[in-house]
Amino acid sequence: MTTYRAGLFSEFLARLYLRLHGFSILKSRYVTGRHTGRAEIDIIARRGDLVIFVEVKNRPSIEAAFEAITYAQTQRLRSAAETWLARNQWRGDARFDVIVVTGWRLSWFKNAI
């Protein structure tokens, strides 16, 4: 399986996992343009008055997954999230989570970014 296909499959597993935890998926692979440095948020999900922006990483270990999230990437993700919040006039709570897929195991880190 290519890295790209493994990433898509990991995002599918993460969406399923979030649905099982009561979230509805608002957007997958949300991409913003020139004002955010071309950022992509893997999953935007909602449960009640909480919206989460989720970065999904498929890596051999949790440590490797967090090493792959750079400071520049977090800044782009924050900017993209602010764009989404403004466009949708969101007034509830919001946070950044990371879901790490290692093989068939998912680890969910809340408020991780």
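A. A look at the pattern of salt bridges. All told, the structure shown has four salt bridges when counted by the stated rule. The salt bridge partner of R29 is E11, with a shortest N-O separation of 3.3 Å. Residue R29 is found in strand β1 (residues 24-31), and its partner E11 is found in helix α1 (residues 3-20); the two are separated by 18 residues along the sequence. Using a relative accessible area of 32% as the deciding quantity, one classes R29 as partly exposed. The class of E11 is buried, set by a relative accessible area of 6%. The network of salt bridges with shared partners includes E11, R29 and E40.

B. Spotlight on the sheet that holds strand β5 (residues 105-109). Strand order across the open sheet formed by five strands is β1-β2-β3-β4-β5, with mixed pairing between neighbours. Looking at which strands have only one partner, the edges of the open sheet turn out to be β1 and β5. Sheet twist, expressed as the mean angle between neighbouring strand axes with direction ignored, is 25°.

C. Structural view of the pairing of strand β3 (residues 50-58). Most of β3 sits out of view: eight of its nine residues are buried. Connecting strand β2 (residues 40-47) to the antiparallel partner β3 that follows it, the hairpin turn spans two residues, and G48 within it adopts a positive phi of roughly 65°. Relative to strand β4 (residues 93-102), β3 is paired through nine bridges, and the arrangement is parallel. Note that in β4 the partner of E55 across the bridge is V98.

D. Broad picture of the packing of aromatic side chains. Following the criterion strictly, the structure yields seven aromatic pairs and no others. With a centroid separation of 5.9 Å and an interplanar angle of 70°, the aromatic rings of F23 and W108 are classed as edge-to-face. Residue F23 is found in the loop between α1 and β1, and its partner W108 is found in strand β5; the two are separated by 85 residues along the sequence. Residue F23 is classed as buried on the basis of its relative accessible area, which comes to 4%. Its relative accessible area of 16% is what places W108 among the buried residues. Their ring planes at 85° and their centres at 5.2 Å tell us that F66 and F109 sit as a pair that is edge-to-face. A residue pair is termed long-range when its members are at least 10 positions apart, and F66 in helix α2 (residues 62-67) and F109 in strand β5 qualify at 43 residues. Take F66: its relative accessible area is 30%, and that puts it in the partly exposed class. Classification of F109 as partly exposed rests on a relative accessible area of 27%. Here a set of aromatic residues connected by ring pairs shows up, and it is made of F9, F12 and W104.

The rules behind these values
- Residues numbered from 1 in each chain as written.
- Predicted model: local features only at pLDDT ≥ 70, side-chain atom pairs only at ≥ 80, totals over all residues.
- Heavy atoms only, no water.
- Salt bridge = Lys/Arg side-chain N within 4 Å of Asp/Glu carboxyl O.
- Helix = DSSP H or I, 4+ residues; strand = E, 2+ residues; numbered from the N terminus.
- Buried < 20%, exposed > 50% of the residue type's maximum accessible area, 1.4 Å probe, protein only.
- Pairing = 2+ DSSP bridges.
- Axes fitted to C-alpha atoms, helices over the stretch in contact; angles between N-to-C directions.
- Phe/Tyr/Trp six-rings, centres within 6.5 Å; stacked < 30°, edge-to-face > 60°.

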